[in-house]
Amino acid sequence: MAGVKGESLRGALMVCGTSSDAGKSQVVTGLCRLLARRGVNVAPFKAQNMALNSYVTPSGHEIGRAQGVQALASGLDPTVEMNPILLKPTGERTSQVVVMGTPIGHFDAVRYHAEKPRLLQTVLDALATLRARHDVVILEGAGSPAEINLLDHDIVNLRVAKEAGDIPAILVGDIDRGGVFASLVGTVMLLPDPLRTLVRGFVINKFRGDPALLAPGLDDLLRITGVPTLGVLPWTYGLDLDAEDSLSLRGAQHGDPTDNGASGPLGDSLDIAVIRLPRISNFTDLDALAIEPGVSVRYVEHPGVLGDPDLVIVPGSKSTVSDLQWLRGRGLDVALARCTTVLGVCGGYQMLGHEITDPAAVESSLSGEKPGGEEPGSVDGLGLLPVSTRFESTKVTRQRRGNCMGQRVTGYEIHHGQVTGSSTGWVRLDDNYGAEPEGCVTADGAVLGTMMHGLFESDGFRSVFLTEIGRRRGKCFVPAGVSFRAAREAQFDRIADLIEAHLDLDATTRLIASAPARISKAETA
């Protein structure tokens, strides 16, 4: 790939994994960044994503967070075609289904499975549009491509590569979990012949040790499956990307992923506690806080470990009412009332208000008559902010701009809940959607709420906000002046460098170039 020029490479490649979290997203991001650095017009694609972290495109469409980040790594503005179907879990067996950036309803697994044949054409049309706009498209699978009970209705893995004209695929296995050889061989062997032949290379991810020790196993992989191993990627500390779901938060204690804190904290350090709600969503809001030296971001589920933090954040939720009930059941409502400063974001903001009303069960299961004269479909909030929330069927998804604490800010909204009652907006929006106050803050500044995600990515605002949090605690917190955008760009380059150093790029380039010519929408119909 060293000799690849932007105008010379055309084609496509699918990246599948032996399981969820095997490293597909990382490999796709690294390949997109590496190709873009060499002048290739490349774009990411994932037919179906299941995630509670999402991204709002400039056009106001909602897609998976991972594809939004992969687009940025490619030097592109994210578009809805990069992730035509997004599933946002709302319960153990139900999800909100977002198609081409717009919700179409809440489906259980059986109903969604029945919808898949119809949605396959939507997927293929989106892929055809991307391939018409870009010279190379890197496709990402989901979970495992060998879920044999789901193959007949597959719309995200190798069925898509097959329908799009036999796009070649590589299979990523996570050796850190153990059993990588069995996982790679088993995945290939379970695939039916038409799909098995699409798997043209293996990638072993997260290896700790001397790759020479793997040589006998790699030879056996080739002998058994006929598929070569294109690379062994070493386990590398701190390769953080925007996570897709809360599974990545198990035991999380966020630090600085770019090692900016190597010189130690500046001034008094800050302790930020985040309530880890069962259906926590868009917790990537906190990534920008974690890059600050001298800031500790930790996730808590019990009052006993909350302690006395400088700031408590109640983040977004895909099931606001049920997560509010969970919070009360843990006794965290009492603990929050004793904290110095509390910030609610989106669903967390709604919880801090007086009442949440959802008569049509847009995002909750509230129904029936309520005692004490309450409106059917309503529940009391925590009462820390003078606002009320009513869920509407129309979902708001849009990017916003404005000013806050004397600094320019950008962010985005993703919500069904409409918040009313506040006259103390602490964010002043001024964009194409209007000039208006947003959010709510108590007179003493102890409790704040906003519907805006992504505020902390604005470096100036983050610095001023954290300085004020320190002042409220009698601390002299000195921001380090780090750039969130620069930190993210550095992560893209680190992943690209890893791919460049440890993957057979010539073989990978040949696979990309071997993909068939673009197929038009008419040909896929």
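Residues numbered from 1 in each chain as written. Predicted model: local features only at pLDDT ≥ 70, side-chain atom pairs only at ≥ 80, totals over all residues. Heavy atoms only, no water.

## A look at the pattern of salt bridges
Evaluated as defined, the whole model comprises 35 salt bridges. Notably, a salt bridge pairs arginine 37 with glutamate 500, separated by 3.4 Å at the nearest N-O pair. Residue arginine 37 is found in helix α1 (residues 24–37), and its partner glutamate 500 is found in helix α13 (residues 484–502); the two are separated by 463 residues along the sequence. A salt bridge links glutamate 81 to arginine 133; its shortest N-O distance comes to 3.1 Å. You can see glutamate 81 sitting in the loop between α2 (65–73) and β6 (85–89) and its partner arginine 133 sitting in helix α3 (residues 109–133), a full 52 residues away along the chain. (Salt bridge = Lys/Arg side-chain N within 4 Å of Asp/Glu carboxyl O. Helix = DSSP H or I, 4+ residues; strand = E, 2+ residues; numbered from the N terminus.)

## Here's the deal with helix α14 (residues 505–513)
All of the buried residues in α14 are Leu505, Ala507, Thr508, Thr509, Leu511 and Ile512. Between a side-chain oxygen at the N-terminus of α14 and the backbone nitrogen of aspartate 506 the separation is 3.3 Å; the capping residue is aspartate 504. (Buried < 20%, exposed > 50% of the residue type's maximum accessible area, 1.4 Å probe, protein only. Polar contact = N/O pair within 3.5 Å; in protein donor to acceptor, adjacent residues only side chain to side chain.)

## Comments concerning the packing of aromatic side chains
For the structure on display, the rule yields six aromatic pairs. When the ring of phenylalanine 461 is compared with that of phenylalanine 465, the centres are 5.6 Å apart and the planes differ by 40 degrees; the resulting orientation is tilted. Remark: phenylalanine 465 and phenylalanine 461 occur in helix α12 (residues 459–472); sequence separation between them is four residues, near one turn of the helix. Owing to a relative accessible area of 0%, phenylalanine 461 belongs among the buried residues under this scheme. Classification of phenylalanine 465 as buried rests on a relative accessible area of 3%. By way of ring pairs, the aromatic residues Trp426, Phe456, Phe461 and Phe465 are connected into one cluster. Above the ring of tryptophan 235, the side-chain terminus of arginine 208 is found at 4.1 Å from the ring centroid. Lying across the ring of tyrosine 433, arginine 398 places its NZ or CZ 5.0 Å from the centre. (Phe/Tyr/Trp six-rings, centres within 6.5 Å; stacked < 30°, edge-to-face > 60°. Lys NZ or Arg CZ within 6 Å of the ring centre and 35° of its normal.)

## Overview of empty space enclosed by the protein
Any space left empty among the atoms is revealed by the rolling of a water-sized probe across them. Within this structure, the stated rule accounts for three cavities of 30 Å³ or more. Here the largest cavity is characterised by a volume of approximately 140 Å³. Ser317, Cys346, Glu363, Ile414 and His415 are, among the 16 residues lining the largest cavity, the residues nearest its centre. Every element with two or more residues in the lining of the largest cavity is listed here: α11 (347–352), β22 (388–404) and β23 (407–420). (1 Å grid on protein atoms, 1.4 Å probe; cavity = no way out; pocket = protein on both sides within 12 Å on 5 of 7 lines; lining within 4 Å. Points joined across faces, edges and corners; volume = space filled by probe spheres on them.)

## A few points about the packing of helix α5 (residues 180–190) against helix α7 (residues 215–225)
Contact pair α5 / α7: the axes reach a minimum separation of 11 Å and the direction vectors enclose 10 degrees. Classified by the angle their axes make, α5 and α7 are roughly parallel. For the pair formed by α5 and α7, the contact residues are Phe181, Leu184, Val185, Val188 and Met189 on the first element and Gly217, Leu218, Leu221, Ile224 and Thr225 on the second. Each residue belonging to the contact of α5 with α7 can be placed in one class, and the counts come to eight nonpolar, two polar and no charged. (Axes fitted to C-alpha atoms, helices over the stretch in contact; angles between N-to-C directions. Parallel < 35°, antiparallel > 145°, perpendicular 65-115°, else oblique. Contact = heavy atoms within 4.5 Å. Nonpolar A, V, L, I, M, F, W, Y, C, P; charged D, E, K, R; others polar.)

## As for the pairing of strand β9 (residues 136–140)
Extensive coverage of β9 is indicated by the burial of five of its five residues. Across the two faces of β9 the burial is the same, with Val136, Ile138 and Glu140 and Val137 and Leu139 all buried. Bridge count between strand β1 (residues 11–17) and β9: five bridges; the pairing is parallel. Residue pairing for β9: glycine 11 is matched across the bridge by valine 136. Bridge count between strand β2 (residues 42–45) and β9: four bridges; the pairing is parallel. Bridge pairing in β9 links phenylalanine 45 to leucine 139. (Pairing = 2+ DSSP bridges.)

## Some words on the side chain of glutamine 70
You can see glutamine 70 is positioned in helix α2. According to the relative accessible area criterion, glutamine 70 is buried, its value standing at 0%. A polar side-chain atom of glutamine 70 sits 3.4 Å from a polar atom in the side chain of glutamine 67. Beyond its immediate sequence surroundings of up to four residues, glutamine 70 is in contact with Ser25, Val28, Thr29, Cys32, Pro44 and Glu140.

## Observations concerning the layout of surface pockets
Of the pockets and cavities examined, the second largest pocket occupies roughly 830 Å³. Lining the second largest pocket are 28 residues, and of these Tyr55, Leu72, Gln399, Thr410 and Glu457 lie nearest its centre. Broken down by secondary-structure element, the contributors of at least two residues to the lining of the second largest pocket are β4 (54–56), α2, β22, β23 and α13. Of the residues forming the lining of the second largest pocket, the biggest block, five residues, is contributed by β23. By residue class, the composition of the lining of the second largest pocket is nine nonpolar, seven polar and twelve charged.

## Remarks on the sheet that holds β1
Ordered by their spatial adjacency, six strands build an open sheet running β2-β9-β1-β10-β11-β12, and the pairing between neighbours is parallel. The sheet is open, and its two edges are formed by β2 and β12 (229–234), each paired on a single side. Recorded for the sheet is a direction-independent mean angle of 20 degrees between the axes of neighbouring strands.

## Considerations on the environment of aspartate 166
Along the chain, the position of aspartate 166 falls in the loop between α4 (158–163) and β10 (169–174). Classification of aspartate 166 by relative accessible area gives partly exposed; the value is 35%. Once residues lying within four places of it in the same chain are set aside, the contact partners of aspartate 166 are Ala161, Leu198 and Pro516. Looking at aspartate 166, its side chain comes within polar contact range of the side chain of lysine 162, at 3.0 Å.

## Quick word on the nonpolar core
In this structure, Ile275, Ile313, Leu327, Leu343 and Phe465 are the most contacted members of the largest nonpolar core, which totals 65 residues. In terms of residues, this core owes the most to one element, strand β14 (residues 270–275), which gives five residues. Each residue touching leucine 327, except ones within four places of it in the same chain, is listed here: Ile275, Leu277, Val314, Leu332, Asp333, Leu336, Met351 and Leu382. One finds Met82, Leu87, Ile204 and Val227 within the second-largest nonpolar core, a separate group that totals 54 residues. (Core = buried A, V, L, I, M, F, W, Y, C linked by side-chain atoms within 4.5 Å.)

## Notes on α3
With 25 residues, α3 extends 33 Å between its outermost C-alpha atoms, agreeing within 8% with the 36 Å of an ideal straight helix rising 1.5 Å per residue. At proline 117, α3 shows its largest kink, close to 55 degrees. Residues of α3 that are buried: Tyr112, Lys116, Leu119, Leu120, Val123, Leu124, Ala126, Leu127, Ala128, Thr129, Leu130 and Arg131. (Expected span 1.5 Å × (residues − 1). Bend = angle between axes of the 7 residues up to and from the residue.)

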